[in-house]
Each structure stands twice: as C-alpha cells, then as structure tokens.
Amino acid sequence: MIRIKSRTLLLSAVSLSLTFGLDRGRAQDYANLPDEPGLAFPLAAPDRVVVADSPSRSAVFDDAGQTMRPSVDTTTGTPQREATWRSLPGDFLHDQKYIWWTFPKQLAKGHHWVPTLAIVGGTAGLIYADPHVMPYFRAHQENWDDFNDVFDPMITTGEVIALPASLMAAGYIRHDNREVSTALLATEAYGDSVVVNLAIKAITRRERPSDVPPGAPFTGTFFNGGKSPLKGSSFPSGHATAVWSVATVVAERYRHRGKPWVPVLCYAMASVISFSRITEEAHFPSDVWLGASLGYTIAKYQTLRPRDAQ
C-alpha cells in the first residue's frame, strides 16, 4: 500500500508541476486568436486568408472561419509548428513522408551526417559494451528493487501519457490554445517516433536481457527475440522513445519563456525513466540510447519544425 501511494504521488507531482507551472499567466499576449483580427491578407486561393494576431503568430483560415493551417510560433526564439486537431492527421503524414523519404535523400546528398554518425556510432559502441554491462545489473538486481518499484513499466507509461493529457486538460480549462497545441504536438511527436521504433523492432527482433537464461552470456541477442515488435523485441526501447519525444516537445516549447526549470525537469524525468529500463533488465543500454535519440531528434527537428521550413 505504501509503495502504491508513493507511485501515485510521484505521478501526480510530475504531471501537476509541469502542467500548472508552465503558463500561469495563460499567455494572454498570444494564446487566443482574436474574433476580429487586425491584419489579414489573401493567399492565392480566394477562399483562404492569413491572419496575424501578433507579430509572432499567424494562421490560415478558410471562408468559414475554420483553421486550415495552424500558426507558427516564434516566441521561443526559434520558429515552431503549432497544431490543431484538424491539422494533426496531415502533419503526421507529412512527417512520415519526410522521415522515410526526404531525410534519406538528403542524407545521400551529404546532409545531416554529423548527428547521424553520432547516433549510429554511439549505438554501435554500446552494442559492443552491452554484454559487459548487463551482468552487473543482473548480479545487483536487489539493490535496484526500490528504484524499480517506483519506475516500473506501468508507472512510467502513465507518466508519459499524463503529461500531454494534463496539458490538454489545463489548456481547455484555461482557454489557452498554446497549451492545447503543445499537448497535440507531444502526441504527434510520439506518433512520429513510435512508427520508426516499431519498424526497427520488427527487423532486429532483439532478445530482452530478462529473457537471457541465468549464467548465459548476453551475446547473440539480435534476431533471436519474439516476432512481435510490441513485446518480444528489445531494440530500441519504446519507453525511451516515448518519454524523450514527449519531454522534448514540452521542454522546447517552454525553454525561453521564463520557466528555465521546465527543460531541466522534463529531461531529468526522461533520463530517469530511460535508465530504469536498464535496471529492470527490460533493455540493453544500446536499446535505450537509440530509443532516446529517436524520440529527441524526431521531436525537435521534425515535429516542431514548421512545415514550410522543411
């Protein structure tokens, strides 16, 4: 009972501290589009107008007044995509096209090699180190019992879901479009990255550390796990991908908005949850590294980037 209460308190503390501390002022200078915008100019299509409600935000509306493309936010110093329920499906499909088609083409032309090599090199190095690292966590499993009880899979999954869900609820309660948009972007980032995660899982089918028999070496794990990418495949970590995609969106959206503790708390939460996947023997360090890298890079450099800038 005590452990259950501590888990509940942890989940509540993380969600509430991030949600209700983000925009207490409700971002009154740009949160809501005005009923009678002061600046509008036509696009090529006669049934569309671009509305600028502030120097840092603009949106495309159709003749019925419905948002066709959400505004681009520049209040953090870097142009960031905004999202609405209506734009979400199109944005997701656009992101997948870029990830699976445009990015490989740019890579072939010599772009993005430095970050790609950093991720691939880090993954390769950790794959080499995995068999030497995991015996420590297996031999000292009892030392991590309390830590693993707090960050078990159900709790960490709840934390990842609770953050955008709390932002969404708070945004609607406060009538704060930016918080709602942040929640939608976090959801979109998770969707963008989990597709890549599951594809790699299905191909590699890596055996989980917990499935390696006692006394056996942690080698030969690739192409040796279950056929299901949802359960039997370890590489990369789905939890790490999920928490880093969500945490990156929230951290980047509030990095330069008078809340310097938000990125620290978001990335700390992501790091601890990711590390717990190793201590529980659910994943190898290389699984966690690649999963976190996918979540972070896709969220920051794809989901948050305005579509016009891609």
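Residues numbered from 1 in each chain as written. Predicted model: local features only at pLDDT ≥ 70, side-chain atom pairs only at ≥ 80, totals over all residues. Heavy atoms only, no water.

## Quick notes on the overall build of the chain
- Secondary structure summary: the chain contains nine helices and six strands in total.
- Within the chain, the fraction of its 310 residues that count as buried is 47%.
- Within the chain, residue pairs in contact and separated by at least 24 positions form 70% of the contacts whose partners lie at least 6 positions apart.
- Accessible surface, the chain as shown: approximately 15,300 Å² in total, 66% of it carbon and sulfur. (Helix = DSSP H or I, 4+ residues; strand = E, 2+ residues; numbered from the N terminus. Buried < 20%, exposed > 50% of the residue type's maximum accessible area, 1.4 Å probe, protein only. Contact = heavy atoms within 4.5 Å. Areas by Shrake-Rupley, 256 points an atom, 1.4 Å probe, with all protein chains shown as cover.)

## Digging into the nonpolar core
- If you look at the biggest cluster of nonpolar residues, it comprises 40 residues, and the most contacted ones within it are Met-134, Leu-184, Val-243, Trp-244, Val-249, Val-250 and Cys-266.
- No other element matches helix H7 (residues 238-253), which puts nine residues into this core.
- Beyond its immediate chain neighbours, meaning those up to four positions away, Val-243 contacts Val-160, Met-269, Ala-270, Ile-273 and Ser-274.
- Counting six residues, the second largest nonpolar core, distinct from the first, contains Val-196, Phe-235, Leu-290 and Leu-294. (Core = buried A, V, L, I, M, F, W, Y, C linked by side-chain atoms within 4.5 Å.)

## Focus on the confidence of the model for the chain
- The pLDDT averaged across the chain works out to 81; a share of 75% of its residues lies at or above 70.
- Across residues 1-5, confidence stays below pLDDT 50; counting only partners more than four residues off in sequence or on other chains, it has two contacts.
- Note that residues 23-68 has pLDDT below 50 and, in this model, 86 contacts with residues that lie over four places away or in other chains. (pLDDT = per-residue confidence, 0-100.)

## Some remarks on the pattern of salt bridges
- In total, this model carries nine salt bridges according to the counting rule given.
- One salt bridge in this structure joins Arg-277 and Glu-280, with 3.0 Å as the shortest N-O distance. Across the pair, exposure class does not vary: Arg-277 and Glu-280 are buried alike.
- Members of the salt-bridge network, linked through shared partners, are Arg-81, Asp-95 and Glu-188. (Salt bridge = Lys/Arg side-chain N within 4 Å of Asp/Glu carboxyl O.)

## What to know about helix H5 (residues 153-174)
- Under the 1.5 Å per step criterion, the end-to-end length of H5 is 32 Å for 22 residues, consistent within 8% with the ideal 32 Å.
- The sharpest bend along H5 comes to roughly 30 degrees, located at Ala-162, with the proline Pro-164 sitting one to four residues further on.
- His-175, located one to two residues past H5, shows a positive phi value of around 60 degrees. (Expected span 1.5 Å × (residues − 1). Bend = angle between axes of the 7 residues up to and from the residue.)

## Thoughts on the packing of aromatic side chains
- One pass over the full model with this rule turns up 14 aromatic pairs.
- Ring geometry for Trp-144 against Phe-147: centres 5.7 Å apart, planes inclined by 75 degrees, an arrangement best described as edge-to-face.
- With a centroid separation of 5.2 Å and an interplanar angle of 75 degrees, the aromatic rings of Phe-222 and Phe-235 are classed as edge-to-face. Of this pair, Phe-222 sits in the loop between helix H6 (177-204) and H7 while Phe-235 sits in the loop between H6 and H7, placing them 13 residues apart in sequence.
- Note on Phe-222: relative accessible area 25%, which makes it partly exposed.
- One aromatic cluster is present, built from ring pairs that chain together Tyr-136, Phe-137, Trp-144, Phe-147, Phe-151 and Phe-275.
- Against the face of Phe-284 rests Arg-206, its NZ or CZ located 4.0 Å from the ring centre. (Phe/Tyr/Trp six-rings, centres within 6.5 Å; stacked < 30°, edge-to-face > 60°. Lys NZ or Arg CZ within 6 Å of the ring centre and 35° of its normal.)

## Description of the side chain of Glu-207
- Structurally, the position occupied by Glu-207 is in the loop between H6 and H7.
- Put simply, Glu-207 is tucked away with no salt bridge, and the nearest opposite charge, on Arg-206, sits 8.2 Å away.
- A distance of 3.1 Å separates a polar atom in the side chain of Glu-207 from a polar atom in the side chain of Asn-224. (Lys, Arg positive; Asp, Glu negative; His and termini not counted. Polar contact = N/O pair within 3.5 Å; in protein donor to acceptor, adjacent residues only side chain to side chain.)

## Section: the packing of H5 against H7
- With their axes 10 Å apart at the nearest point, H5 and H7 run at an angle of 25 degrees to one another. As judged from the angle between their axes, H5 and H7 are roughly parallel. Note on packing geometry: the crossing formed by H5 with H7 is left-handed. Where H5 abuts H7, its residues Pro-153, Thr-156, Thr-157, Val-160, Leu-163, Pro-164 and Leu-167 lie against His-239, Ala-242, Val-243, Val-246 and Val-250.
- For the contact of H5 with H7, the per-class residue count stands at nine nonpolar, three polar and no charged. (Axes fitted to C-alpha atoms, helices over the stretch in contact; angles between N-to-C directions. Parallel < 35°, antiparallel > 145°, perpendicular 65-115°, else oblique. Left-handed = near helix turned anticlockwise from the far one by under 90°. Nonpolar A, V, L, I, M, F, W, Y, C, P; charged D, E, K, R; others polar.)

## Observations regarding helix H3 (residues 113-139)
- Between its first and last C-alpha, H3 extends 39 Å over 27 residues, near the 39 Å set by a 1.5 Å rise per residue.
- Buried within H3 we find Thr-116, Thr-123, Asp-130, Met-134 and Phe-137.

## A closer look at the packing of H5 against helix H8 (residues 261-279)
- For the pair H5 and H8, the least separation of the axes is 11 Å and the interaxial angle reads 155 degrees. By the criterion of interaxial angle, the relationship of H5 to H8 is roughly antiparallel. With respect to the hand of their crossing, H5 and H8 are arranged in left-handed fashion. Two secondary-structure elements touch here, H5 through Pro-153, Thr-156, Glu-159 and Leu-163 and H8 through Met-269, Ile-273, Ser-276 and Arg-277.
- Grouping the constituent residues of the contact of H5 with H8 by class yields four nonpolar, two polar and two charged.

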